[in-house]
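# Topology and contacts: notes
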Amino acid sequence: MFTYLVCILLYAEYKGIYAQTSLLNASGISGIVTDKNEKPLEYVTVTISDLGLISTTDRYGKFRFSGVAKGQYLLSFKRSGFASHSLNINLTSNDTFFTVTLEESLIETPVIDVTGSFNTTEISKSIFSVTELTNRNITKSRSQNLAETIQNIPGLSNISTGSGIGKPVIRGLTSQSVLIIHDGVKQESQSWGDEHGPELSLFDLDRIEILRGPASLIYGADGIGGVINVISKPLEFSNLEMPVYYGNIVLGEFSVDRQYFGNGTFGLGTKNFGIKGHFGYRKSGNVLTPKGTLTVNTIDGIREIRGGELFNSGSKELEGGANLGVNGKFGTLNLGFELFDRELQIHEDPLEAPDATPNQKIQTKQFSFEGNFNISSKIKLEPVLSYQLQSRKEFESSENNEAGIDALHLDLKTFDGAVKLHHQLQKNISGTIGISYNDQVNKTLADEKLIPNYKAYTMGVFLMEKLELRNFTFSAGARFDSKKLNIETTVFETDSAGNPIKLLNPEQLSFSAVTGSFGVVYSPSDIFNLFANIGRGWRAPSEFELFADGVHEGTQRYERGLKTTDPGAVPKPEESVNIDLGVRLNYRDLNIQLSVFRNQVDNFIYPSITGDTLENHPVFNIKQDKSTFYGYEYSIQYQPVKWLVLMASGDFVKTENNATGMPIPFTPPVKNIFELKLQKQNFGKLLNAYFKIGAKVVSAQNDVDIMEAKTMGYTLLNAGIGFDLPFAGSIASLDVSVDNLADIKYVDHLSRYKGYAMNPGRSINAQLSLPFRF
């Protein structure tokens, strides 16, 4: 790796691209955006993702980025009601000016991919199956947690614990097999727990990208199933002598749990300096389910459950953050801070504990530093550093919460860092070389010990190269990671006198893996491309999977880890080989995206029922064997006339545990979503006024593991109406939607309440967004 780095720098010196003069000549990128009639378009968002820079066109359709170093950049152009557009710019002079034309269209597709590569890539040249949820669509579909917000995207599902907790599922894999990335930083949220969801804000977001398939080459360990990349809005800088002031006020409500929320974002930008802060609050009451009764299957037989209000199912959260950035000839610097506080109530089975009030308190703090330094017009250095602190407390009752008596208290501190060197050796050859380091310290502080005290260190080195030819794009890379896990002395149980009776002694474990990927895109024309890739991912066993030894209230099981059942065992990391094939067609008023996959995971980690009982709970031992996942996703959008778009999307996944010959628990059933949307570009003073109605059709899940029950299929109707409106130099929006329009009684297969409570009933939702810029 070091030799390769030296060769790059020597080659750069030989070609004369390491000249110091490139650092002294800052350039500008400017232009005009028009429609097909050459009318200037205002409010178009122009982004240079690799630099974290954003600009908005004025009334004349003009935009500008000042102080941009010479080099090659990919720009994206977005405005609701128009087809998004991307443009490659090779900035060689002091100033570059161009004109971009956007076509009116109701079809929404991503034009760039920032998740599947170290550099921003045109979607037509991406080797991965990628979907994007834009800022405008986030506003329309923003729900109560991340998993619920994205659950209707093909290939994604949501393991829900009421409306407050959601765990994303990608292609049948979840927990640590799905990576959550927020502004380049891997989120650590004790995701091994069934009722542990990602803890991050859904406000002040630019977009959410979903990559289906393993991404260990880019992000290291974990992510065997895929990546969810949550990207905040960049800081804004002024192109004039006067500073720019901007922000957004968001207000909303959900009737299904009497929820209300609000968020305020405020920012200031000068030519070279930017600062931004946001603050939000959300509170919800008990979830309302349809009235009446519903007969469901459980592992103990048939049961009739009753609808109505779910006792002890509310939540509240407080969130905020700040960013400070500098933009200059040298590149960009960004400092960030995020705070996320949540309090969650957990609804229990009313037949077993009708008055139970278990609850959680979770606090996450994150400090981050990101830089992008222009070593030359062909070489850039990108360091990304972060420090996260997470405190998770679980209480057996509301009284214990008030008294500060926690049953579970996990304190996790994580340092994560990566340094990447991006190089453009030739016009059609680019790549990245880098190193990463992760340091974790966990303390288990309360009586309940689900995991031990530990320290973990992970290091990685990686290399990725891309070759672009006329009709082909090739991408290949490799990575090596090594993890050291130091288990510290942990007392799991004591007698009445306080003497240890279940003690875990210090121990050291090591895991390592070589991962990589190779892919190709064939683009015979601008409207059609085929992509294929084969990738290898890995995931080390979690501390819970290794050393669990006791009752896990979240699963109502007595669980024993790999090292608990066999102290002499040598656990192996999960290692996957995934093959993806896909097609993307964007022809006039028709867009089709289809992908098929097969993912084989060796040493797959799963809980196996033993038939024994301890402390009145069934005993499960954690085991390892091979498992297989395969399936497809599709998305079709057709616009027969200017004001109408028809959409259909769906997915299918088949899973098998080779040890049992049965499916993996929580395998998502087949889903298909159909939607009709009417939208008019200009309706008086309103922009993009729309009405939509859709149906989500979920099949019965009869292919189940011995540990779970079959579930019936269901169909949910949804509707929405809304519009945009020019406001204070930006575009405001109002959206009103109705979920479960017919108030259908149902249980979802991935609901953790499915054995004793229905899913939420009809919900009337409203969200108002008031951005401003002056």
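Below: a short report on this structure. Everything numeric here is computed off the predicted structure, so don't read it as measured data. (Residues numbered from 1 in each chain as written. Predicted model: local features only at pLDDT ≥ 70, side-chain atom pairs only at ≥ 80, totals over all residues. Heavy atoms only, no water.)

### A closer look at the sheet that holds strand β6 (residues 85-91)
Note the following rule: For two strands to count as paired, DSSP must find a minimum of two bridges between them. Labels follow the DSSP assignment, with helices taken as runs of H or I lasting at least four residues and strands as runs of E lasting at least two, numbered in each case from the N terminus. Note on geometry: axes are C-alpha line fits, over the in-contact stretch for helices, and angles between N-to-C directions span 0 to 180 degrees.
Taken in spatial order, the four strands make up an open sheet running β3-β2-β5-β6, and their pairing is antiparallel. If you trace the sheet from one side to the other, it starts and ends with β3 (53-56) and β6, each paired once. Between one strand and the next, the sheet's axes are offset by a mean angle of 25°, whatever the strand orientation. Pairing of strand β5 (residues 71-78) with β6 involves seven bridges; the strand directions are antiparallel. Paired with Phe-77 across the bridge in β6 is His-85.

### Description of the side chain of His-422
What counts is decided by this rule: The term polar contact refers here to a pair of N or O atoms within 3.5 Å; inside protein, the definition further demands a hydrogen-donor-capable atom paired with an acceptor-capable atom, and it admits residues adjacent in sequence only when both atoms are side-chain atoms. Contacts are residue-level and defined by heavy atoms, with any inter-residue pair within 4.5 Å sufficient.
Residue position: His-422 is located in strand β26 (residues 408-426). Within the local environment of His-422, its side chain forms a polar contact with the side chain of Glu-382, the two groups lying 2.7 Å apart. A polar atom in the side chain of His-422 sits 2.8 Å from the side chain of Thr-432. Discounting chain neighbours no more than four positions away, the residues touching His-422 are Phe-118, Asn-119, Lys-378, Ile-379, Lys-380, Glu-382, Gly-431 and Thr-432.

### Description of the environment of Arg-588
Within the fold, Arg-588 resides in the loop between β36 (574-587) and β37 (590-614). Taking C-alpha positions, Arg-588 is 9.4 Å from Ser-105, a pair spaced 483 residues apart along the chain.

### Some points on the sheet that holds strand β14 (residues 185-186)
What holds strands together in a sheet is hydrogen bonding between their backbones, with the strands either parallel or antiparallel. Read from one edge of the open sheet, five strands run β10-β15-β16-β13-β14, paired in mixed fashion. The open sheet has two edge strands with one neighbour each: β10 (129-134) and β14. With five bridges connecting them, strand β13 (residues 178-182) and strand β16 (residues 226-232) associate as parallel partners. Its bridge partner lying in β16, His-182 is registered against Val-230.

### Some words on the pattern of salt bridges
Opposite charge on two side chains permits them to pair, given that their charged atoms come into close proximity. Keep this limit in mind: The working definition used for a salt bridge is a side-chain nitrogen of Lys or Arg within 4 Å of a carboxyl oxygen of Asp or Glu. Buried means the residue's accessible area, taken with a 1.4 Å probe over protein chains only, is under 20% of the maximum for its type, while exposed means over 50%, and partly exposed covers the values in between.
Following the criterion strictly, the structure yields 38 salt bridges and no others. Close ionic contact of Lys-466 with Glu-468 constitutes a salt bridge, the shortest N to O distance being 3.5 Å. A salt bridge links Asp-481 to Arg-479; the nearest nitrogen and oxygen atoms lie 2.8 Å apart. When its relative accessible area of 4% is taken as the criterion, Arg-479 is described as buried.

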